[in-house]
Amino acid sequence: KFFTFRGQTKFIQVDLDRFGNHKRNIFDLEWNKIPVEYMYPNCNDSIKKPKNFDEMIKIANILSKDFDFVRIDLYSHNGNVYFGEFTFTPGANLEYFKPNIYDDIFGRYYNIS
C-alpha cells in the first residue's frame, strides 16, 4: 500500500496475516522499516522488498499524480503487479500511529493546494 502525495510515493505499508494475527510495517522508499505502529503491531520478521518494487513505485506515482493524497494499493505476485484500490481515507481515518509524532511526519507531505 503506497502512501502518495501529489504523485510522489513517500511511505509503503505492508500488512501480514490480515485475517489472523494481523501485523503491519511501514517502510520508507529505501525499504527501511520505520519505527512506528499504525493501528497494528509490527512484524519482527524480515520482509523482503519485492523484486519489482521500482515498477510498483512508478505505477503508484503515475496513478496518484492528480491527487493531493491517495493511498494506492498494489500487489506483487509472481513478478506481476496487480492493482487493488485507491483509498483517500485509509482506515476510515480511524487508524492511528504510535508514537503519534508520525501524524505530523506523514502530515507534512499533505499540502492542499
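The structure displayed is predicted, hence computed values, not measured ones. (Residues numbered from 1 in each chain as written. Predicted model: local features only at pLDDT ≥ 70, side-chain atom pairs only at ≥ 80, totals over all residues. Heavy atoms only, no water.)

1. Here's the deal with the environment of F27
Looking at where F27 falls in the secondary structure, it is placed in strand β3 (residues 23-27). Overall, F27 belongs to the buried group, its relative accessible area being 3%. F27 sits 82 residues away from Y109 along the chain, and the two C-alpha atoms are 16 Å apart. When neighbours within four sequence positions are excluded, F27 is seen to be in contact with K10, F11, I12, V14, N32, K33, I34 and I47. (Helix = DSSP H or I, 4+ residues; strand = E, 2+ residues; numbered from the N terminus. Buried < 20%, exposed > 50% of the residue type's maximum accessible area, 1.4 Å probe, protein only. Contact = heavy atoms within 4.5 Å.)

2. Notes on the side chain of K1
Considering the arrangement of structural elements, one finds K1 in the segment before β1 (2-5). The exposure class assigned to K1 is buried, which follows from its relative accessible area of 12%. Reaching out from K1, the side chain makes a polar contact with the side chain of D73 at a distance of 3.2 Å. (Polar contact = N/O pair within 3.5 Å; in protein donor to acceptor, adjacent residues only side chain to side chain.)

3. Concerning the pairing of strand β5 (residues 70-77)
Sheet analysis places β1 next to β5, joined by three bridges and oriented antiparallel. Across the sheet, residue F3 finds its bridge partner in β5, namely R71. Pairing geometry for β5 and strand β6 (residues 80-87), over seven bridges, is antiparallel. Residue I72 lies in a different strand from β6, and its bridge partner there is F86. In this antiparallel pair of consecutive strands, β5 and β6, the connection spans two residues, and N78 shows a positive phi of 55 degrees. (Pairing = 2+ DSSP bridges.)

4. Some thoughts on a nonpolar patch on the surface
Residues L63, F83, F86 and F88 make up a contiguous nonpolar surface patch of roughly 360 Å² in combined accessible area. Tracing the sequence through the fold places F88 in the loop between β6 and β7 (97-98). (Patch = residues over 30% accessible without salt bridge, like charges linked within 9 Å, V, L, I, M, F, W, Y side chains within 5 Å. Areas by Shrake-Rupley, 256 points an atom, 1.4 Å probe, with all protein chains shown as cover. Salt bridge = Lys/Arg side-chain N within 4 Å of Asp/Glu carboxyl O.)

5. Notes on the pairing of β3
Most of β3 sits inside the fold, with four of its five residues counted as buried. Of the pairings in the sheet, the one linking strand β2 (residues 8-16) to β3 comprises five bridges and is antiparallel in character. Opposite I12, over in β3, you have F27 as the bridge partner.

6. Considerations on the sheet that holds β3
Spatial strand order, β3-β2-β1-β5-β6: five strands in an open sheet with antiparallel pairing. Edge positions in the sheet fall to β3 and β6, since each of these pairs with one other strand and no more. Direction aside, neighbouring strands of the sheet carry axes that sit 25 degrees apart on average. Contacting β1, β2, β5 and β6, helix α1 (residues 53-64) crosses the sheet at an angle of about 150 degrees to β5. (Axes fitted to C-alpha atoms, helices over the stretch in contact; angles between N-to-C directions.)

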